[in-house]
Amino acid sequence: AQSVAQPEDQVNVAEGNPLTVKCTYSVSGNPYLFWYVQYPNRGLQFLLKYITGDNLVKGSYGFEAEFNKSQTSFHLKKPSALVSDSALYFCAFLTGSARQLTFGSGTQLTVLP
Amino acid sequence: DSGVTQTPKHLITATGQRVTLRCSPRSGDLSVYWYQQSLDQGLQFLIHYYNGEERAKGNILERFSAQQFPDLHSELNLSSLELGDSALYFCASSAPLAGAGNEQFFGPGTRLTVL
């Protein structure tokens, strides 16, 4: 079955340090990959997507992600983490006739001051 | 603010009861998706409507149903509620163009607690 995996339930990083949230995919064909962020008691917010083209995708709030076909990865990165980046991050891909999102299990990012 | 609205924000009810969750998509969006977020199941797709028609079903229980009305708002009906139905229910909408890769915009969710 097609899926995305987020191997880390929790990532801690110091403020000002670079952050990486990992995602690997097992999707046939050309995957459409997404990152969403969920703040406490809020809905999911779209960060960025990879559809085709440049492997480095830039998104909201200074986040970027690199699509790596050989490693089947789509890791989320930010050069300098902020305490306000602390949230739950989801990797997802589009699938099915409805083009619905299938999500990974989520990674809780904590940025320590 | 995504432009997607959901009511109510919180819902507390008893087992065996029936509830209705409401969603209004972003202006111009014809697609509405419903998702369930729970601790044990994570985020799961339930059902998709496009311009009033059901297009796809995911892991939706037979006790659950949905519809999309002519003004494009959608309702998710949950009946014979069980403790395990306690979860956060999200609605999302996406652009009307039939293109792959349109991002979905999520509402703030309805938190359902079944006692």
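Structure's up top.
Residues numbered from 1 in each chain as written. Chains lettered and ligands numbered in written order. Predicted model: local features only at pLDDT ≥ 70, side-chain atom pairs only at ≥ 80, totals over all residues. Heavy atoms only, no water.

Colleague: Quick rundown of the overall build of chain A? Include the residues and the values.
Modeller: A tally of regular secondary structure across chain A gives zero helices and twelve strands. Shown N-terminal to C-terminal, the secondary structure of chain A runs as helices and strands in the order β-β-β-β-β-β-β-β-β-β-β-β. On C-alpha atoms alone, chain A measures out to a radius of gyration of 13 Å, which is about the 13 Å that the 2.2 N^0.38 rule sets for 113 residues. If you line up chain A on its principal axes, its C-alpha atoms span 45 × 30 × 20 Å. (Helix = DSSP H or I, 4+ residues; strand = E, 2+ residues; numbered from the N terminus. Rg over C-alpha atoms; globule rule 2.2 N^0.38 Å.)

Colleague: Break down the layout of surface pockets for me, citing the residues and quoting the values.
Modeller: Approximately 430 Å³ is the volume found for the largest pocket. Lining the largest pocket we find 21 residues, and of these L88 of chain A together with Q37, S38, L39 and G42 of chain B sit closest to its centre. Counting only elements with at least two residues in the lining of the largest pocket, the list comes to β10 (87-95) of chain A together with β4 (31-38), β5 (42-50), β9 (87-94) and β11 (110-114) of chain B. Sorting elements by how many residues they give to the lining of the largest pocket places β11 of chain B first, with three residues. Looking at the lining of the largest pocket residue by residue, the classes come out as nine nonpolar, nine polar and three charged. With three residues, strand β6 (residues 44-50) of chain A is the largest single contributor of residues to the lining of the second largest pocket. (1 Å grid on protein atoms, 1.4 Å probe; cavity = no way out; pocket = protein on both sides within 12 Å on 5 of 7 lines; lining within 4 Å. Points joined across faces, edges and corners; volume = space filled by probe spheres on them. Nonpolar A, V, L, I, M, F, W, Y, C, P; charged D, E, K, R; others polar.)

Colleague: How would you explain the pairing of β6 of chain A if you had to name every residue and give the values?
Modeller: Within a regular strand, the side chains alternate between the two sheet faces. All names here are of chain A. Counting buried positions along β6 gives five out of seven residues, so the element sits mostly inside the fold. The pairing of strand β5 (residues 33-38) with β6 spans six bridges and is antiparallel. Looking at β6, one finds that Y36 is bridged to F46. Counted between consecutive antiparallel strands, the loop separating β5 from β6 contains five residues, among which N41 sits at a positive phi close to 60°. (Buried < 20%, exposed > 50% of the residue type's maximum accessible area, 1.4 Å probe, protein only. Pairing = 2+ DSSP bridges.)

Colleague: Describe the nonpolar core, and please don't skip the residues or the numbers.
Modeller: The biggest cluster of nonpolar side chains holds 28 residues, and the ones touching the most others in it are W35, L47, L48, F74, L76 and Y89 of chain A. Counting residues in hydrophobic clusters, the runner-up holds 21 residues, among them L11, W34, F64 and Y89 of chain B. (Core = buried A, V, L, I, M, F, W, Y, C linked by side-chain atoms within 4.5 Å.)

Colleague: Explain the sheet that holds strand β1 (residues 5-7) of chain B to me, using residue names and the numbers behind them.
Modeller: All names here are of chain B. Taken in spatial order, the four strands make up an open sheet running β1-β3-β8-β7, and their pairing is antiparallel. Across the chains shown, the open sheet's two edge strands, defined by having one partner strand only, are β1 and β7 (64-68). Mean inter-strand twist for the sheet, computed between neighbouring axes without regard to direction, equals 15°. Both β1 and strand β3 (residues 19-24) contribute to a ladder of three bridges, which runs antiparallel. When the bridges of β3 are listed, Q6 appears paired with C23. (Axes fitted to C-alpha atoms, helices over the stretch in contact; angles between N-to-C directions.)

Colleague: Can you explain the packing of aromatic side chains? Please cite residues and give values.
Modeller: Residues and elements named next belong to chain B. Applying the stated criterion across every chain yields a total of 18 aromatic pairs over all chains. Judged by centre distance (6.4 Å) and plane angle (25°), the rings of Y33 and Y35 are stacked. Each member of the pair Y33 and Y35 is classed as buried. A ring pair is formed by F90 and F106, whose centres lie 6.2 Å apart and whose planes are at 85°; its orientation type is edge-to-face. Taken together, the positions of F90 in strand β9 and F106 in strand β10 (residues 105-106) put the pair 16 residues apart, joining distant regions of the chain. The pair formed by F90 and F106 is uniform in burial state, with each residue classed as buried. Lying across the ring of F105, R26 places its NZ or CZ 3.9 Å from the centre. (Phe/Tyr/Trp six-rings, centres within 6.5 Å; stacked < 30°, edge-to-face > 60°. Lys NZ or Arg CZ within 6 Å of the ring centre and 35° of its normal.)

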